[in-house]
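Structural overview
Next come the chains, spelled out residue by residue.
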Amino acid sequence: MSDSPTLTRLCRYPVKGMSANELDSVALSVGMAMPHDRRFAIAHGSTTDLPPDGGWAPKANFVTLVNCAKLAGIEAGFDAETGFLTLKRDGRQVARADISTPLGRTIVEDFLRAYLAGEVRGALRLIEAKEDAFTDSREGKLSLINLASIHDLERVTGHPVDPIRFRGNLYIEGLPAWAEFGWTGDTKIRLGGVEFRLYKRIGRCAATNVNPATAERDANLPLALRRGFGHLDMGVYLQVTEPGTVRVGDALAVS
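Quick look at the structure, then. (Residues numbered from 1 in each chain as written. Predicted model: local features only at pLDDT ≥ 70, side-chain atom pairs only at ≥ 80, totals over all residues. Heavy atoms only, no water.)

Let us now look at the pairing of strand β10 (residues 170-173). When strand β1 (residues 6-12) meets β10, the two strands line up antiparallel, connected through four bridges. Within the sheet, the bridge partner assigned to L7 lies in β10 and is I172. Pairing between strand β9 (residues 142-146) and β10: three bridges, direction parallel. Directly across from I145, in β10, lies its bridge partner Y171. (Pairing = 2+ DSSP bridges. Helix = DSSP H or I, 4+ residues; strand = E, 2+ residues; numbered from the N terminus.)

Below you can see the structure in the form of structure tokens.
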């Protein structure tokens, strides 16, 4: 364990439910999600309660790993400067389009409808969050994962657990296991040039059972959490209270 906790991995998920894009650094704003994180989501064709202004909506409206493990079989790379989303399957490009435009979204929708045929309901729509993000929690915009807590979960499961199953933004190494659950709303959490406050612990669901490398449901992590620790939680939601930039390698300070 390092002398001081550090940020070892920084991830965003431009399309909700699809693969992570890793970053070296990112600028964060007060009260906001990571830029371009969960900016897009795949809405069920039968969904009827999406806000017309592109605002936040509950995850039940979307195709996610909870209801469609096959989604993990697609690697999604997003270029925020150009708006282009590139989808690959087994390393081969299967679709590419500028999803900031209606035409580009149609191209991606056509691929997803064919790829996910028989697994989802209705005609899928790729939608964009205009000023918010399609995070699972409306108020908890960023998620922090303590890698030591995952290692302790591995002790219970008896096998390795890929941290990306928990789809975190900030992965921290060097904290004692479960130390993050001792933080309160008054705890000052600083990482690089950014200060955060705790919002709440993150309860976990069946999405974590999907192996991000194979797209198979090969574990029951909520059950392992309950049996081993008496809860379903892994990681915490944070809110930015002082803006700035975080970089991989930044030290985490908690007071």
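The eight strands lie next to each other as β2-β1-β10-β9-β13-β12-β11-β15, forming an open sheet whose pairing is mixed. Both outer strands of the open sheet, β2 (21-22) and β15 (252-254), are each paired with one neighbouring strand and no more. When β1 meets β2, the two strands line up antiparallel, connected through two bridges. When the sheet's bridge partners are listed, R12 is paired in β2 with N21.

This paragraph deals with the packing of aromatic side chains. Centre distance and the angle of the planes are the two values used to describe a pair of aromatic rings. By the definition in use, this model includes five aromatic pairs. Between W178 and F181 the ring centres are 5.5 Å apart and the planes differ by 40°, which places this aromatic pair in the tilted class. By the burial criterion, W178 is buried, and F181 matches it. On the numbers, 4.7 Å between centres and 55° between planes, the contact of W178 with F229 is tilted. Separated by 51 residues along the polypeptide, W178 in the loop between β10 and β11 (189-191) and F229 in helix α3 (residues 221-229) bring together distant segments of the chain. Among the aromatic residues, those joined into a cluster by ring pairs are W178, F181 and F229. When the ring centre of Y171 is taken as origin, the NZ or CZ atom of R9, which lies over that ring, is 5.8 Å away. (Phe/Tyr/Trp six-rings, centres within 6.5 Å; stacked < 30°, edge-to-face > 60°. Buried < 20%, exposed > 50% of the residue type's maximum accessible area, 1.4 Å probe, protein only. Lys NZ or Arg CZ within 6 Å of the ring centre and 35° of its normal.)

Moving on, we come to the environment of T187. Here T187 shows up in the loop between β10 and β11. Along the primary structure T187 and R197 are separated by ten residues, whereas in three dimensions their C-alpha atoms are 6.5 Å apart. Apart from residues no more than four positions distant in its own chain, T187 is found in contact with F196, R197, V254 and S255. A polar atom in the side chain of T187 sits 2.9 Å from the backbone nitrogen of T184. (Contact = heavy atoms within 4.5 Å. Polar contact = N/O pair within 3.5 Å; in protein donor to acceptor, adjacent residues only side chain to side chain.)

Here we come to the sheet that holds strand β7 (residues 92-98). Strand order in the open sheet made by the three strands is β5-β6-β7, with antiparallel pairing throughout. Here the strands that pair on one side only, and so sit at the sheet edges, are β5 (75-79) and β7. The average undirected angle you get between the axes of adjacent strands in this sheet is 15°. Of the pairings in the sheet, the one linking β5 to strand β6 (residues 84-89) comprises five bridges and is antiparallel in character. Among the inter-strand pairings, G77 is bridged to a residue of β6, identified as T86. Strand contacts of helix α1 (residues 102-115): β6 and β7, with the helix running at about 145° to β7, the strand carrying the most contacts. (Axes fitted to C-alpha atoms, helices over the stretch in contact; angles between N-to-C directions.)

The next point concerns α3. Buried within α3 are the following residues: L221, P222, A224 and L225. For α3, the angular spread of buried residues about the axis comes to 160°, placing them on one side. Elements in contact with the buried residues of α3: α2 (147-157) and β13 (233-242). Among the residues of α3, the N-terminal cap falls to N220, whose side-chain oxygen and the backbone nitrogen of L223 are separated by 3.1 Å. (Arc of directions from axis to C-beta.)

With that out of the way, let us pick up the pattern of salt bridges. Taken as a whole and assessed by the stated rule, the structure comprises 13 salt bridges. As a salt-bridge pair, K16 and D136 come within 2.4 Å of each other at their nearest N and O atoms. Pair noted here: K16 is in the loop between β1 and β2 and D136 is in the loop between β8 (125-128) and β9, with a separation of 120 residues, a long-range link. We note a salt bridge from K130 to E128, for which the minimum N-O separation is 3.8 Å. (Salt bridge = Lys/Arg side-chain N within 4 Å of Asp/Glu carboxyl O.)

With that settled, consider the nonpolar core. Judged by nonpolar contacts, the single largest core of 39 residues is most densely connected at L28, F196 and V246. Here the element with the most residues in this core is β13; it accounts for four residues. Residue contacts for L28: discarding those within four places in its chain leaves M34, P35, L142, V194, F196, V240, P243, G244 and V246. In this structure, V15, A69, I74 and A97 belong to the second largest nonpolar core, which totals 28 residues. (Core = buried A, V, L, I, M, F, W, Y, C linked by side-chain atoms within 4.5 Å.)

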